[in-house]
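# Coordinate inspection notes
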Amino acid sequence: MSGPGRLITFFTERRIVLGIVGAVLIALIMTVIGLKLYDLDDVSRLDVSLPNREDIRSSEGGNEVQKFDSTGLLDEKAIADFQALFKKNRTALDTLGKFDGDALNSDSLQIGPNE
Amino acid sequence: MKRVVPVIAVLLVVLVAPLVRAEGSLSDAQLNAIRTNCVNAQINLQHVQASDKLTRINRGYRYEALLKLMTSFNSRVVENKINAPELITIASDYQKTWELFRSEYSEYDDAMTTLIQMDCKNEPTTFNDRLVLLRDKRASLNGKVSKFDGLLDSYQSGVDVIKQGVQE
């Protein structure tokens, strides 16, 4: 049998195995691409489901659903409902850190006077 | 040749000036203080990073919730034919600030990671320079938080005006 003929026979006889290997390879490549995209985006750094982030998970802010319909009459009651939701979120924001400079000053880090 | 010499001189000044400034900005005592304490400082920075991550997640959750609320309210304002273009403008500014905040936080977090992982004992000057840059990034984030507060105050005032109009 000629060279190309042997090659065709080889692939024909093992097409199921080769198909499975090909599918696994494609799945691996897609997984690597997906993980790379996940890593490039800021999603990965904020993913609280990662194994070493139990502390963050346990102290994370509420996940309550707060809905205000985007359609309907805008009467006094609707505005009051909106203001209540708005205020609730703003009050929650007031309790959170503001990235102020104290945490990074030289005294806090104990490396001498501030530059 | 006459033209090349000044160009090279300018290039050298531009390239070397930051290094000269950095070396000149720290005394020997400061460099020693960094060498001695920087590993502890890096541990403290790890705590700050973890705490900041929590702040970012919780602030992000609230900022997004407020953005959704404003978007829904604006839709209803339009549907009810109430003239309040300032609310649309505020929501648009808020959206832009949110996008900036997200990207600036990512840059800040990357810079923090670099600072935590670097060999600070052998490179105290670089450590100090990176710390100064990190402080700038943190100050910018703090500025964004203030900007959010200002925009939310303005939006709240706009809603109050609409409420008064509806009551009349």
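Going by the structure above, here's the rest.
This text gives an overview of the structure that appears in the document. This one's a predicted model, so the numbers in the text were calculated from it and none came from an experiment.

Parameters and conventions
- Residues numbered from 1 in each chain as written.
- Chains lettered and ligands numbered in written order.
- Predicted model: local features only at pLDDT ≥ 70, side-chain atom pairs only at ≥ 80, totals over all residues.
- Heavy atoms only, no water.
- Helix = DSSP H or I, 4+ residues; strand = E, 2+ residues; numbered from the N terminus.
- Contact = heavy atoms within 4.5 Å.
- Areas by Shrake-Rupley, 256 points an atom, 1.4 Å probe, with all protein chains shown as cover.
- Phe/Tyr/Trp six-rings, centres within 6.5 Å; stacked < 30°, edge-to-face > 60°.
- Buried < 20%, exposed > 50% of the residue type's maximum accessible area, 1.4 Å probe, protein only.
- Patch = residues over 30% accessible without salt bridge, like charges linked within 9 Å, V, L, I, M, F, W, Y side chains within 5 Å.
- Salt bridge = Lys/Arg side-chain N within 4 Å of Asp/Glu carboxyl O.
- Core = buried A, V, L, I, M, F, W, Y, C linked by side-chain atoms within 4.5 Å.

Moving on: the overall build of chain B. When helices and strands are tallied, chain B shows four helices and zero strands. Reading the secondary structure of chain B in the N-to-C direction produces α-α-α-α. Sequence separation of at least 24 residues holds for 84% of the intrachain contacts in chain B that already meet a minimum separation of 6. Counting only carbon and sulfur atoms, one obtains 57% of the accessible surface of chain B, whose full area is about 9000 Å².

Once that is clear, we can look at the packing of aromatic side chains. Scanning all chains against the criterion turns up 19 aromatic pairs over all chains. Pairing Phe 68 of chain A with Phe 82 of chain A gives two aromatic rings, centres 5.4 Å apart and planes at 65°, and the pair type is edge-to-face. Here Phe 68 of chain A, found in the loop between helix 3 (54-59) and helix 4 (76-94), pairs with Phe 82 of chain A, found in helix 4; they are 14 residues apart in sequence, far enough to count as distant. Residue Phe 68 of chain A is classed as buried on the basis of its relative accessible area, which comes to 9%. Look at Trp 98 of chain B and Phe 101 of chain B: their rings are 6.1 Å apart centre to centre, the planes differ by 20°, and that puts the pair in the stacked class. With Trp 98 of chain B and Phe 101 of chain B both in helix 3 (residues 85-117) and three residues apart, the pair spans about one turn of that helix. What makes Trp 98 of chain B buried here is its relative accessible area of 5%. Judged by relative accessible area, Phe 101 of chain B falls into the buried class, the value being 0%. Feature note: the residues Phe 99 of chain A together with Tyr 63, Tyr 94, Trp 98, Phe 101, Tyr 105, Tyr 108 and Phe 148 of chain B constitute an aromatic cluster, connected by ring pairs.

This brings us to a nonpolar patch on the surface. A cluster of nonpolar side chains, Ile 16, Val 17, Ile 20, Val 21, Val 24, Leu 25 and Leu 28 of chain A, forms an exposed patch at the surface whose accessible area comes to about 670 Å². On the basis of relative accessible area, Val 24 of chain A is assigned to the partly exposed category, the value being 46%.

Another point: the nonpolar core. In terms of nonpolar packing, the biggest core is built from 53 residues, with Phe 73, Tyr 94, Phe 127 and Tyr 155 of chain B touching the most fellow members. Where this core is concerned, the elements lending two or more residues are helix 4 of chain A together with helix 2 (28-79), helix 3 and helix 4 (124-167) of chain B. In terms of residue count, the dominant contributor to this core is helix 2 of chain B (14 residues). The residues touching Phe 127 of chain B, leaving out its near neighbours within four places in the chain, are Ile 111 of chain A together with Ile 34, Cys 38, Ala 41, Gln 42, Leu 45, Leu 115, Met 118 and Cys 120 of chain B.

The subject of this paragraph is the pattern of salt bridges. Summed over the entire model, instances satisfying the criterion amount to eight salt bridges over all chains. With its nearest N and O atoms 4.0 Å apart, the salt bridge here joins Asp 149 of chain B to Lys 98 of chain A. Of this pair, Asp 149 of chain B sits in helix 4 while Lys 98 of chain A sits in the loop between helix 4 and helix 5 (106-109), which puts the two residues in different chains. The class of Asp 149 of chain B is buried, set by a relative accessible area of 18%. Judged by relative accessible area, Lys 98 of chain A falls into the partly exposed class, the value being 33%. The salt bridge involving Arg 138 of chain B is made with Asp 52 of chain B; its shortest N-O contact spans 2.8 Å. A residue pair is termed long-range when its members are at least 10 positions apart, and Arg 138 of chain B in helix 4 and Asp 52 of chain B in helix 2 qualify at 86 residues. The same class applies to Arg 138 of chain B as to Asp 52 of chain B, namely buried.

These results come straight from atomic positions and should not be treated as a statement about function.
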